[in-house]
Amino acid sequence: MPNTLDSSYYETSIYKKGIFDGKVVFVTGGAGTICRVQVEALVLLGANAAILGRRTEATEKAAAEIQQLRPGAKVIGIGGVDVRDVKSLASAVDTTVKQLGKIDFVIAGAAGNFLSHVGGLSARAFKTVIDIDLLGSYNTAKATFDQLRANKGHILFVSATLHYIGLPMQAHASAAKAGVDSLMRTLAVELGPLGIQSNAIAPGPIAGTEGIDRLLPEHLAKRAVELVPLQRLGTTTDIANATVFLLSPAASYVTGTVTVVDGASWQLGEPSTSDPELYPGVISKLNEGDNKL
Ligand code: COA
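Remember, predicted model here, so these are calculated numbers, not experimental data.

What counts, and where the lines are drawn
Residues numbered from 1 in each chain as written. Predicted model: local features only at pLDDT ≥ 70, side-chain atom pairs only at ≥ 80, totals over all residues. Heavy atoms only, no water. Helix = DSSP H or I, 4+ residues; strand = E, 2+ residues; numbered from the N terminus. Buried < 20%, exposed > 50% of the residue type's maximum accessible area, 1.4 Å probe, protein only. Polar contact = N/O pair within 3.5 Å; in protein donor to acceptor, adjacent residues only side chain to side chain. Contact = heavy atoms within 4.5 Å. Near = heavy atom within 4 Å. Areas by Shrake-Rupley, 256 points an atom, 1.4 Å probe, with all protein chains shown as cover. 1 Å grid on protein atoms, 1.4 Å probe; cavity = no way out; pocket = protein on both sides within 12 Å on 5 of 7 lines; lining within 4 Å. Points joined across faces, edges and corners; volume = space filled by probe spheres on them. Nonpolar A, V, L, I, M, F, W, Y, C, P; charged D, E, K, R; others polar.

Participant: Just checking my understanding: could you explain unusual backbone geometry for this structure?
Facilitator: Most peptide bonds are trans, and most residues other than glycine sit at a negative phi. Backbone torsion omega between Tyr-279 and Pro-280 reads 10°, so that peptide bond is classified as cis. Mapped onto the fold, Pro-280 is located in helix H10 (residues 277-287). Phi is positive for Lys-152, which is not a glycine, with a value near 45°. The exposure class assigned to Lys-152 is exposed, which follows from its relative accessible area of 58%. Of note, Met-169 is a non-glycine position whose phi angle comes to about 70°, a positive value. Mapped onto the fold, Met-169 is located in the loop between strand S5 (154-158) and helix H6 (171-191). Accessibility expressed as a relative area gives 22% for Met-169, which makes it partly exposed.

What follows is the structure, given as structure tokens:
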């Protein structure tokens, strides 16, 4: 995937070049669709970055491409990191501090998901998503805690809006993201006295992401847009813009919050549940099948 942003970002956006000069951001899932553009924006505006992922080649390639965005930028890609393993995160923190000097901002963005009704979801499958999304966010906060404390940093969790309603086929991811929001709030309170901010960003339907391309049935694509009050899908740049605001000095008194960037989409529920063939149709049929343990 090539870069989404370029130098026109600071030339034409409301943000000023250099607002993140001297800052270092540490991002899990940084080679993914949404997190990558968050990193691009921060790097264009002056930050250096470490991006982490399980896939070494993809992570290193994305880092090299993002580094091209700004002369003098340093962006390192650390592959082979699984957020389920706190030790692999701790080692990535060491590498980042050795190569980039420190960590000011953390984006806990790594996530895993698939569609399944509860009957088709084994206990292990449920645990897998909880482990990646919730335990992985906790591990990220733990592994970066010393750096956040030393630099009065900011941890930003990439959450979701799934759990605001009872969303079919997403019991696992909804429970995990509800946990992420709760963790974010506790951290805001516990770490506030240390000068550390903790927030979450909750993307809605974003064009070009797996959530839209892979998880949304094709025949619902048009209706999905109509059901966004702002009548368009979001873009990865929308998420990057909100991220820049939250990590910038403009949001220095903002902590313990979830910033929903979804065009008010969740207020109308979920498009798939407005299609009777899917709900209750598909769910009822699935519920007649085997209950996988
Ligand atoms: N429906 C039901 N269960 C599923 C499933 C699906 N579509 N996909 C995986 N599982 C189950 C597996 O069957 C397994 O459970 P079991 O051993 O009881 O059968 C369990 O989940 C673990 O699967 P595994 O593939 O071993 O886990 P993993 O750690 O290698 O990968 C994911 C987990 C979530 C990353 C993987 O499913 C995946 O690659 N998803 C798509 C990519 C993605 O998540 N992108 C991010 C979107 S936000």
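Participant: Could you clarify how one ought to interpret the side chain of Thr-209 in this entry?
Facilitator: Along the chain, the position of Thr-209 falls in the loop between strand S6 (197-203) and helix H7 (210-213). Among the residues examined, Thr-209 registers a relative accessible area of 11% and is labelled buried. Within the local environment of Thr-209, its side chain forms a polar contact with the backbone oxygen of Ile-206, the two atoms lying 2.6 Å apart. With sequence-adjacent residues up to four places away left out, Thr-209 is seen in contact with Thr-33, Ile-34 and Arg-214.

Participant: Any chance you could explain the site of the ligand here in plain terms?
Facilitator: What surrounds the ligand is a group of 17 residues, the closest being Arg-84, Asn-113, Ser-122, Arg-124 and Glu-210. One of the side-chain N or O atoms of Arg-84 is found 2.9 Å from an oxygen atom in the ligand. In isolation the ligand exposes 930 Å². Once the protein is present, 59% of that is buried. Element by element, the count of residues in the shell around the ligand is highest for helix H5 (residues 123-151), at four residues.

Participant: Hey, could you run me through the layout of surface pockets in this one?
Facilitator: One simple way to see leftover space: roll a probe sized like a water molecule over the atoms. Space inside the second largest pocket adds up to approximately 180 Å³. Along the walls of the second largest pocket sit 15 residues, with Lys-23, Phe-105, Gln-197, Leu-247 and Ser-248 positioned nearest its centre. Its residues assigned to classes, the lining of the second largest pocket comprises six nonpolar, six polar and three charged.

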